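Remarks on the overall topology
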Amino acid sequence: MLGFGVFLALLAIGYYFGKKNETNHFRSLERREQALAHITTNTLKTLPAGYNSSAFVTGNVVISIDYFKRLMAFFRTIFGGRINAYASLIERARREAILRMKEQAHANNASMVANVRIETSSVFQNAQQQLGSLEVYAYGTALK
Amino acid sequence: MPNIQISNLEAIPGTTITEHLGMVQGNTVRAKHVGRDIMAGLKNIVGGELRGYTELLTDSREECMSRMIAQARDLGANAVLNIRFSTSSVSAGASELFVYGTAVVVE
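A brief report on the enclosed structure follows. Being a predicted model, the structure only gives us computed values, none of them experimental.

What counts, and where the lines are drawn
Position numbers for residues count from 1 along each chain, tracking the sequence in the order it is written. Lettering of chains starts at A and numbering of ligands starts at 1, both following the order in which they are written. Only residues with pLDDT of at least 70 get local features here, since the model is predicted, and only at 80 or more are side-chain atom pairs given and counted; chain-wide, interface and lining totals rely on the full set of residues. To obtain the side-chain values, all non-hydrogen atoms of the structure were used and water was disregarded. Contacts are assigned to residue pairs with any non-hydrogen atoms lying within 4.5 Å of each other. Buried area is a sum: the accessible area each of two parts loses on coming together, probed at 1.4 Å, counted once for each and added. Salt bridges, as used here, are contacts in which a Lys or Arg side-chain nitrogen is within 4 Å of a carboxyl oxygen on Asp or Glu. The term polar contact refers here to a pair of N or O atoms within 3.5 Å; inside protein, the definition further demands a hydrogen-donor-capable atom paired with an acceptor-capable atom, and it admits residues adjacent in sequence only when both atoms are side-chain atoms. Secondary structure elements follow DSSP: runs of H or I of four or more residues count as helices, runs of E of two or more count as strands, with numbering from the N terminus. Amino acid classes used here: Ala, Val, Leu, Ile, Met, Phe, Trp, Tyr, Cys and Pro are nonpolar; Asp, Glu, Lys and Arg are charged; the rest, including Gly, are polar. Whether two strands pair comes down to DSSP finding at least two bridges between them. To estimate how far a helix should extend, the number of its residues minus one is multiplied by 1.5 Å. Burial classes: relative accessible area under 20% of the type maximum marks a residue as buried, over 50% as exposed, and values in between as partly exposed (1.4 Å probe, protein chains only). In this analysis an axis means a line fitted to C-alpha atoms, helices contributing only their contacting stretch, and an angle means the value between N-to-C directions, from 0 to 180 degrees. Throughout this description, the term nonpolar core refers to a set of buried Ala, Val, Leu, Ile, Met, Phe, Trp, Tyr and Cys residues connected via side-chain atoms within 4.5 Å. Here the positive residues are Lys and Arg and the negative ones are Asp and Glu; neither His nor the chain ends is included. Working definition: rings of Phe, Tyr and Trp (its six-membered ring) pair if their centres are within 6.5 Å, and the pair is stacked with planes under 30 degrees apart, edge-to-face with planes over 60 apart, and tilted otherwise.

A short note on the interface of chain A and chain B
- Contacts between chain A and chain B engage 45 residues on the former and 37 residues on the latter.
- Together chain A and chain B conceal approximately 3,200 Å² of surface at their shared face, both sides included; 54% is due to carbon and sulfur atoms.
- A salt bridge links A:Arg100 to B:Glu49, with the nearest nitrogen and oxygen atoms 2.9 Å apart.
- For the interface between chain A and chain B, the tally reads 15 residue pairs in polar contact (both at pLDDT 80 or more).
- Looking at the side of chain A that touches chain B, the elements that each hand over two or more residues are helix H1 (2–35), strand S2 (54–64), helix H2 (67–79), helix H3 (84–107), strand S3 (112–121) and strand S4 (133–143) of chain A.
- Residues of the side of chain A that touches chain B, tallied by class, amount to 18 nonpolar, 19 polar and eight charged.
- Relative to strand S3 (residues 48–49) of chain B, S2(A) is paired through two bridges, and the arrangement is antiparallel. The residue of S3(B) that forms the bridge with A:Ile63 is B:Glu49.

Things to note about H1(A)
- Look at H1(A): 49 Å from first C-alpha to last across 34 residues, which is about the 50 Å you get at 1.5 Å a residue.
- Along H1(A), the positions that sit buried rather than exposed are A:Leu11, A:Gly14, A:Gly18, A:Glu22, A:His25, A:Phe26, A:Ser28, A:Leu29 and A:Arg32.

Re the sheet that holds S2(A)
- One open sheet accounts for five strands, arranged S1(A)-S3(A)-S4(A)-S2(A)-S3(B); its pairing is mixed. Both edges of this open sheet fall to strand S1 (40–41) of chain A together with S3 of chain B, since each of them pairs with a single strand only.
- Two elements, S2(A) and S4(A), share 11 bridges in a ladder whose sense is antiparallel. Its bridge partner lying in S4(A), A:Asn60 is registered against A:Tyr137.

Things to note about the environment of A:Thr23
Residues and elements named next belong to chain A.
- Relative to the helices and strands, Thr23 is located in helix H1.
- Looking at Thr23, the relative accessible area reads 38%, which means it is partly exposed.
- In terms of polar contacts, Thr23 uses its side chain to reach the backbone carbonyl oxygen of Lys19, at 2.6 Å.

Things to note about the sheet that holds strand S1 (residues 5–6) of chain B
Residue and element names in this part refer to chain B.
- One open sheet holds the four strands; their spatial order is S1-S4-S5-S2, and the pairing between them is mixed. Strands at the two margins of the open sheet, each flanked by one partner only, are S1 and strand S2 (17–31).
- Bridge count between S2 and strand S5 (residues 94–106): 12 bridges; the pairing is antiparallel. Bridge assignment links Asn27 to a residue of S5, and that residue is Phe98.
- Relative to S2, helix H2 (residues 51–74) is tilted by about 145°, and along the sheet it contacts S1, S2, strand S4 (79–91) and S5.

Focus: the pairing of S5(B)
All names here are of chain B.
- Of all 13 residues in S5, 10 are buried, a share of seventy percent or more.
- Across 10 bridges, S4 lies against S5 in antiparallel orientation. In the sheet register, Ala79 faces S5, and the bridge partner there is Val104.

Here we look at the nonpolar core
- Within the largest apolar cluster, 24 residues are counted, with the highest numbers of intra-cluster contacts made by A:Val57, A:Leu89, A:Ala93, A:Met101, A:Ala105, A:Val113 and A:Leu134.
- If you list the elements that add at least two residues to this core, you get H1, S2, H3, S3 and S4 of chain A.
- Looking at this core, the element that brings in the most residues is H3(A), giving eight residues.
- In this view, A:Met101 contacts A:Thr41, A:Val57, A:Thr58, A:Gly59, A:Val113, A:Val116, A:Ala138, A:Tyr139 and A:Gly140; residues no more than four positions away in its chain are not counted.
- Membership of the second largest hydrophobic core comes to 22 residues, among which are A:Tyr139, B:Tyr53, B:Ile83 and B:Ala103.

With respect to the side chain of A:Asp66
- The topology assignment puts A:Asp66 in the loop between S2 and H2.
- For the buried A:Asp66, which has no salt bridge, the nearest side chain bearing the opposite charge is A:Lys69, at an N-O separation of 5.2 Å.
- Looking at A:Asp66, its side chain comes within polar contact range of the main-chain nitrogen of A:Phe68, at 3.1 Å.
- If sequence neighbours within four positions are ignored, A:Asp66 has contacts with A:Gly14, A:Gly18, B:Asn44, B:Ile45, B:Val46 and B:Gly47.

Digging into the packing of aromatic side chains
- Considering all chains together, one arrives at 11 aromatic pairs over all chains under this definition.
- Geometrically, the ring pair formed by A:Tyr137 and B:Phe85 is edge-to-face, given 5.0 Å between the ring centres and 80° between the ring planes. Of the two residues, A:Tyr137 sits in strand S4 while B:Phe85 sits in strand S4, which places them in two different chains.
- The exposure class assigned to A:Tyr137 is buried, which follows from its relative accessible area of 4%.
- Look at B:Phe85 and you get buried, because its relative accessible area is 5%.
- Centroid distance A:Tyr139 to B:Phe85: 4.9 Å. Interplanar angle 70°. Geometry classified as edge-to-face. Here B:Phe85 lies in strand S4 and A:Tyr139 lies in strand S4, a pairing that spans two chains.

Structure, rendered in structure tokens:
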């Protein structure tokens, strides 16, 4: 009975704070993306003409899903179908990593980040967890 | 000591490649920290960024980059071009970070 109570409490905490975190994060992502919209990105390997210096820039983030969504995702894996809980988590991580990379480029006074590569990996996964946490790493060359 | 330029493009602006010195690489395997893991356990309930891990991975990547740069320096290069990263989890709780690129002399 106590175990079940703890489980319900964790679910409620996970739902409430997870939702709040996510809304805040999306809001902050949008604001920062607009502020850095003048820095363009591309995925081309060749050096575009008209730039005089380059710097290597990176951004990474490790993000974790909340208790409630993890349970929802677990049920989804029984019936199959689209797992929105993970889709939004990965989207947040990716946008955050790209933004951090752009912030570094901005600090270098760059106007473009060329050859952006994004790498996603579930690092530090342990056996007990479905999906512990996820890392997104973005890197590219800032040009000015 | 010459400063080594790093880029994941195939050229450095305003320079031409005069010599190719071959591939250079750096790697590191890092395990997580128990204290950080406890914090991460709490974060797993509410969700969100695991700052400790983000920093750990940033430090690890810097370490493997500095190994790659040391190799390039030994070869007499002044730039490393077209670098790539790769991450793999070796076992539960440990991950390997790997970086590689081409050492060149640019003028």
